[in-house]
Every structure is written in structure tokens, then in C-alpha cells.
Amino acid sequence: MLARMRQLKVCFALISCLFFTLTSLAQSQQKAPDNLTMWFSRPASGWNEALPVGNGSLGAMVFGGVASERLQLNEETVWTGKPADFVNPGARAALPEVRELLFAGKYAEAQQLAQEKMMGDKTVGSSYQTIGNLQLQFDTLTQDVTDYRRELNLETAVATVTYRAGNVGFTREVFSSAPDQALVVRLTADKPGALSFALNLSRPGNKAKLELAGDEIIMSEHVGDGTGVRMVARVKVLHKGGAVRAADGAIQVAKADNVTLILTAATDYRGDNPLTKSAAQLASATQKNYEALKQAHIADYQQYFKRVSLNLGTTDAIYFPTDARLLAMQNGNADPQLVQLYYQFGRYLLISSSRPGSLPANLQGIWAEGLTPPWSADYHININIQMNYWPAEVTNLSEMHMPFLTFLNALRPDARKTAKDMYGLEGTVAHFTTDPWHFSETYGQTQWAMWPMGMAWSAQHFWEHYLFTEDKAYLKDLAYPAMKEAATFCANWLVENPETKQLVSGPSISPENTFKTKDGEVATMVMGPTMDHMIIRDLLGNTIEASKVLHKDAAFRRRLEKILTRLAPTKIGSDGRIMEWTEEFEEPEPGHRHISQLFGLHPGHQITKQKNPELLEAARKTIDYRLSHGGGHTGWSRAWIVNFFARLQDGEAAYENLLALLRKSTLPNLFDTHPPFQIDGNFGATAGITEMLLQSHAGEVELLPALPAAWQQGYIHGIVARGGFEVDIDWENGKLKQVKILSKLGNPCQLRYGNQVVTLQTQQGKRYVLDGNLKQL
Ligand code: FUC
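Residues numbered from 1 in each chain as written. Predicted model: local features only at pLDDT ≥ 70, side-chain atom pairs only at ≥ 80, totals over all residues. Heavy atoms only, no water.

## Points about the sheet that holds strand E15 (residues 250-256)
Strand order in the open sheet made by the seven strands is E2-E3-E4-E5-E10-E15-E14, with antiparallel pairing throughout. Looking at strand neighbours, the two that pair on one side only are strand E2 (51-54) and strand E14 (243-247), the edges of this open sheet. Pairs of neighbouring strands in the sheet enclose a mean axial angle of 20 degrees, with direction left out of account. Direction of pairing for strand E10 (residues 195-202) relative to E15: antiparallel, over a ladder of four bridges. Following the sheet pairing, leucine 199 is matched in E15 by isoleucine 251. (Pairing = 2+ DSSP bridges. Helix = DSSP H or I, 4+ residues; strand = E, 2+ residues; numbered from the N terminus. Axes fitted to C-alpha atoms, helices over the stretch in contact; angles between N-to-C directions.)

Listed below in C-alpha cells is the structure:
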């Protein structure tokens, strides 16, 4: 009854909203809604409603207030902390004893010893932080505001706020330009002299130094009380008409016709002088007029964004503001265009938070409020940052993958040192998390910290980038050396299980999960968690392949091949699930958010219907069990489940979980929520939707492997398969209608749709068109 009432209330809200929207559309003669715009009929009442813009490094959250505008600012290198070494000096000596205790089943004792002797003491804190806020205080009367609209156009990457007040129409446009390395805010009005406001910059903590000089404000701080980077942000006011002067701690704009604000920001993270760097960026951006800045920004952004288009069908929901659509969806409405918008939002976020030369997208991309964001908005590498990059290759944003790969490369010196100091081994190792100061040692509770697979998992991305691009120079110079070092660590790390004689990884955990020992103790560490072996199998296999491509290191390759034959295999438990640990322990948290034992299903490809259908069945049981115990409760976990079901080729279950992600783990601005906001779920979902429509991990290019019944008609154009194929798929009545393949590398292409398989011998640069029966047209 209650649920029904809630539904009715939402319906009523939607109807009045539609009425309001249609009337205001008619009144203001705004263009018909397009589906690549998120829009809202009121200003953001909190951060989770504000709209993100970014150019890979400089970002802002646009609130769109009428009496006052707030742009919450970020720059990707605004970090506290510094490089630090904190390997526990007792680790190396304790390692054999911890292993022995674990092999003897003395889990609690082993854990205690590892906690004391192997966890580092990270005394230097580090956190990503906001730059601060740019505030505009208008003298507009707010009583008679009409026709308010706040939007983010994903096609142009411009956020716009429009409204009428006192018979004047106001427009504000905001974008963050990559070509001009500046945040640009444009204010216009449809009557001359209507723009009057005070502008200032501020930073939480009130420790920043502010300098006002005529039409410019400069804000600087050595962040983290002098422990982190030195940052500078500056904003300049360009205006037509009226007057601009500095007074009362702000820049006062009086009666201008239009105003352009240019904001630049820099730090000394890469050794630059932030004062001169931000000044040079500002000087260069102010050379151009507003239209030239905007056109350059749009052209630059669209070269990436426009590569992929998706259509899943249309409904009238498109007439509603995005938050109302989300609410309707949460109350049972199906809105395929919202799924499409959400998909493209993921691509938008990647282009806006990860550009060649930048740091990788962190837990919040580049958008974080305050000085202490959750988990420091760092680089968790026990799934989160990897998930950020799942959509990169498949959604045709291969360039945006590079920041992660160059970051991993920069992590190698520290990872090499940690392998030596902590374990006495050659090669590279990293644990559950890291930061831009590139630490790879571990700290905190063993439950999450005693996991030496962060580099090994991340190294998968080196090989994946190669599979999509076949760039041999990249493989030789960047990827292979990094993969080889990570594989070397793993090869040295594995030890023989005295009973089974198989090679196992340990001491280690199944990320963040716990089990109950026979004595009823809750423990985390074992010798040989399933995920470790799946990761190591993946890495060693990829390294072997890479060494073959490069005709290098034959002896090393043979060593890895031998290890693979002895590595403990994936096992199915007595209840038909994939075993997470070596034994069938009791699980205190059977719905745990990490589903690590399925790494081999996704993002790995050890479990496929071709290779091992019995493991595929066991994988399904594993997910079902997690879900039936409340699993999928964080956004990223749910997004991973979408990918799992896509790989299981169960379109209905993938779709159901995608809906659950939108219904339970999505904020009004379409950001994913853990809770709180964490960007991995956005990226994981975009990857998952792609995976529902195209897969290429099992040696063939499979079309529509997990198309749900809800998506009867549609198309996806421009997504990418391994081997360098750009694929356009059109479907009708739930069936493939046509596929176009652009062969970028000239590889043979084995194409599958259901049970039909054809192989195309392709030529580089040529397009191939086939019908729904895979007959070439
Ligand atoms: C992993 C997850 C948590 C969270 C954190 C940032 O450790 O287990 O849920 O997402 O990363």
C-alpha cells in the first residue's frame, strides 16, 4: 500500500513536472530535448546535485545558484603528503614464519604476527583536496525568477544555467578547456548593463593567501600545512561595459553587458613554479576571445566523445528533468534513454578526468569537495582504479587509458624497492592502495593490507592496451618491461604448498573479505586465495604472449610456462560455487562487496564457455549466492556484477543489476555512490553496458552477447574489439540487423552472433558490412 502511494506521488510529481516543462518550453521556446543533456529545473541544493566539468586536470562542480553561484574547484595534483618509505623492517624475517603458521592452519597467530611485523607505519598522511571555491554573489532579485534551467551538455562538455529575473534573461556557461588549460565562465544577459556581482575565491581552512589586483584574484597555499604541494589558482575578469574594481575583499563587477572569467590553477607537483605556470596559462587563454575558446574546447572534446553513439529506444521521459527521471526509475519506471545518458556520462567523465599527461582518475575522478575526501580520494588498486579504466579501450577512448599506464610505470621504482625491502625479492610489488607520491608498501589492517597483488592486477592494463592497439613500440618500451617486472615478482613470490606440491601465493587475502576458522575465529589471511592465482595466471600468460610478440626472453618465458603448470587451479566447492580460499570456510559476510574469486570471469578471461563451461556455471552460483545475501550494495560492486552477467551472457540479469545500480546507487547528478560518491561505479557500468553489446575476450568478436529483452531496437556505433576493430551494431526486434566493422589493423576477424560464426580476412582501413545472418553486403 505504502509503495503504491509512493508510486502515485511520483507519478503526480512527474505529471506536474511535465506540465511545467512543456509550458516553460513553449514560453521560452527552448529547443526540443536532446538526450545528451542532463538538465534540472532548479539550482543544486548540495554537492551531489552539482554538475562536473573537467579537462583531465582542472575540474569544477557547477551549482548554478541564482543569487549566488558556487564553482567548487579541483586540480588533479592538489595533494598533501610527500614520498615516504615505510616498509616494516621486520617483514622479511617474519615472512617464512607467517607462511608456516598459515600452512599449519594457525590463521589467528599468523595474522597477529603479520600485523605486527609486516604492516608498515605510514606516518606521512596524504590526501587529495579541493582547490577551493569560486563564488559569485549577484545582486539579482530572486523572488521573480522564471524559466530556470541548469544543464550539462555531454555533446559539448559545457554546463549552462539560464533563467529570467526582473525581466532580464541571464545565461551562464561553464567549461574546462584542455587546449587552453583554463576554466572558462561566461555570463551574459539579454539587456545591456544587467550584470552586477561580487566575485571571490576561498579555500576551506582559511589558510590560503589571497591577493586582489584590479581584475584578478590570486589564491595560493602550501597545502596540508606545508606538507603537500604548493598550489596557485587565479581568476581574471574580462568584461564588456560597466566597471570592474577590487573592493571589500572581492572583485566588484558593476553593470556589465557580458563577462568572461578565466581561471587557471597549477601546483609544483611536477616541478613547475605554480605562480608562473598559472600566470602563463592565464595570459595565453586571455589572448583568445570567448567564442574562440569555446570552439577550441568543443572541437577538442568532440574528437573523443563523438566516436561512440548509443541508442536504446525512446520514451517521453526525455521531457523530464534528469533528477525526476532518476526518481521515476527508482520507483519502477524503465527509461532506456536514461541508461543511454548514464552510459555516455561515463565516457564524458573519463574524457574529463583522464587526459594524456595527467594523473589517473582517482576514486572521485578529479572532483572532490573539502580537504578530507573519503579514502583520501586516492588510488585503490584492489579494484577501484582498475575499474575506472575498464571502459577506456572498448568505448574508443584508448588515449584516456594512458594516464593509468604511465602512472603504473612511475610506480615501478618504489615497487621494486618494496619487493626487495619487504620480501627480499626481485621484481615489482604494490599492495591495496597508492597515491601520487607512488608508495607501494603496505599499512593498516591485514584485512585489506596484506595483499601484494596491486601491481600484478594493474599490469593487465598494459597488455589490454596492446591488444586493442597492437602498438609494438609501446609494448617494447613501456608495457613489456613493466609486465616483466611484475611477473618476476610473482614468479619469485609463489611457494610450494607442502601438501599439494602446487604453487600458491601468500600470505595474502581475498580482498577485504573474512572467513571463520574451525575454532570460530574470524580471519583474513591464507596461503593461496583464489584471486591471487587468477591474477598471476593472467599476468604470466600475458607476459609470455608479449615476450613472443617481441621475440624476447625465451628462457624467462619457459620459466613462466613451467610455473603456470604448477600454479594451484581454480576449484569448485561442494556447493557448486567457485572457492574463494583453499578451504571451504564459513563466511561471516556472504554478501561481501568484493567478488574477487571471479576475477577470472571478469576482468580476466580464464572462465569462458569455450574453455571451461563448468567454471562458468560455478561462477553464476557464486554471484547468485552473493546477491541472495545482500551483495552488490556498493555502486562499484553492482557495476562489477553487471560485467559478470554480461560475461555469463545473461542479458536479463545484467540489465536487472544495471537498473539496480541506477535505482539504488546513483546520485541526482548521476554520479555513482558507494555511498558516498565514488566514480568507479560510473566507469564500471559504462564498461558493463558495452560488454552486454560486444565482447572480444575469448578470441572472437561476439555481437550482442547479452542483449536484454528491454532493448528491442537500438544501435551502438564506434565501440572497439580486441584486434583493432571498430564496430557499429544495429538491432531490431531484439535481433541483429546489421554490423559494420572497420578494420584498423588488418587482422582476421572471427565474428560471432549466437551460433553463427564467420571469419573475415580484413584489410587495414577497410569497412565490412554484414546483415543479421552475418552475410556480407
Ligand atoms: C576498496 C573497497 C571499499 C572502497 C575502497 C575505496 O577497498 O573495498 O568498498 O571502495 O576501496
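## Here's the deal with the pattern of salt bridges
Following the criterion strictly, the structure yields 44 salt bridges and no others. In this structure, the salt-bridge partner of arginine 270 is glutamate 76, at a minimum N-O distance of 3.2 Å. One end of the pair, arginine 270, is in the loop between strand E16 (258-267) and helix H5 (274-286); the other, glutamate 76, is in the loop between strand E4 (68-75) and helix H2 (91-103), with 194 residues separating them in the sequence. Judged by its relative accessible area of 43%, arginine 270 falls in the partly exposed class. (Salt bridge = Lys/Arg side-chain N within 4 Å of Asp/Glu carboxyl O. Buried < 20%, exposed > 50% of the residue type's maximum accessible area, 1.4 Å probe, protein only.)

## Some remarks on the environment of histidine 629
Along the chain, histidine 629 turns up in the loop between helix H18 (613-628) and helix H19 (635-647). Judged by its relative accessible area of 39%, histidine 629 is partly exposed. Residues histidine 629 and histidine 592 lie 37 residues apart in sequence; the distance between their C-alpha atoms is 8.3 Å. With residues up to four places along the chain from it excluded, the contact list for histidine 629 reads Pro590 and Gly591. (Contact = heavy atoms within 4.5 Å.)

## Describing the packing of H18 against H19
The angle between the axes and the distance between the axes are what describe a pair of packed helices. Following both chains from N to C, one finds H18 and H19 inclined at 150 degrees, their axes separated by 11 Å at the closest point. When the axes of H18 and H19 are compared, the pair comes out roughly antiparallel. Of the two elements, H18 crosses H19, and the hand of that crossing is left-handed. On the side of H18, the interface is formed by Arg620, Ile623, Asp624 and Leu627, while H19 contributes Arg638, Ile641, Phe644 and Phe645. Class assignment for the residues of the contact of H18 with H19 results in five nonpolar, no polar and three charged. (Parallel < 35°, antiparallel > 145°, perpendicular 65-115°, else oblique. Left-handed = near helix turned anticlockwise from the far one by under 90°. Nonpolar A, V, L, I, M, F, W, Y, C, P; charged D, E, K, R; others polar.)

## Considering the pairing of strand E27 (residues 725-732)
Burial within E27 is extensive, with seven of its eight residues counted as buried. Of the strand pairs in this sheet, strand E26 (residues 714-721) and E27 are connected by seven bridges, and their pairing is antiparallel. Residue pairing in the sheet places glycine 714 in a bridge with tryptophan 731 of E27. The turn joining E26 and E27, which pair antiparallel and follow one another in sequence, is formed by three residues; a positive phi near 100 degrees is taken by glycine 723. Summarising the sheet, E27 and strand E28 (residues 735-743) pair through eight bridges and their orientation is antiparallel. Its bridge partner being in E28, isoleucine 729 is matched across the sheet by valine 739. From the end of E27 to the start of E28, which pair antiparallel, there are two residues, and asparagine 733 there has a positive phi angle of about 50 degrees.

## Section: the pairing of strand E11 (residues 209-213)
Pairing analysis gives five bridges linking E11 to strand E12 (residues 216-222), with the strands arranged antiparallel. Pairing of alanine 213 across the sheet is with glutamate 216, part of E12. Connecting E11 to the next strand, E12, in antiparallel fashion are two residues, including glycine 214 with a positive phi near 60 degrees.

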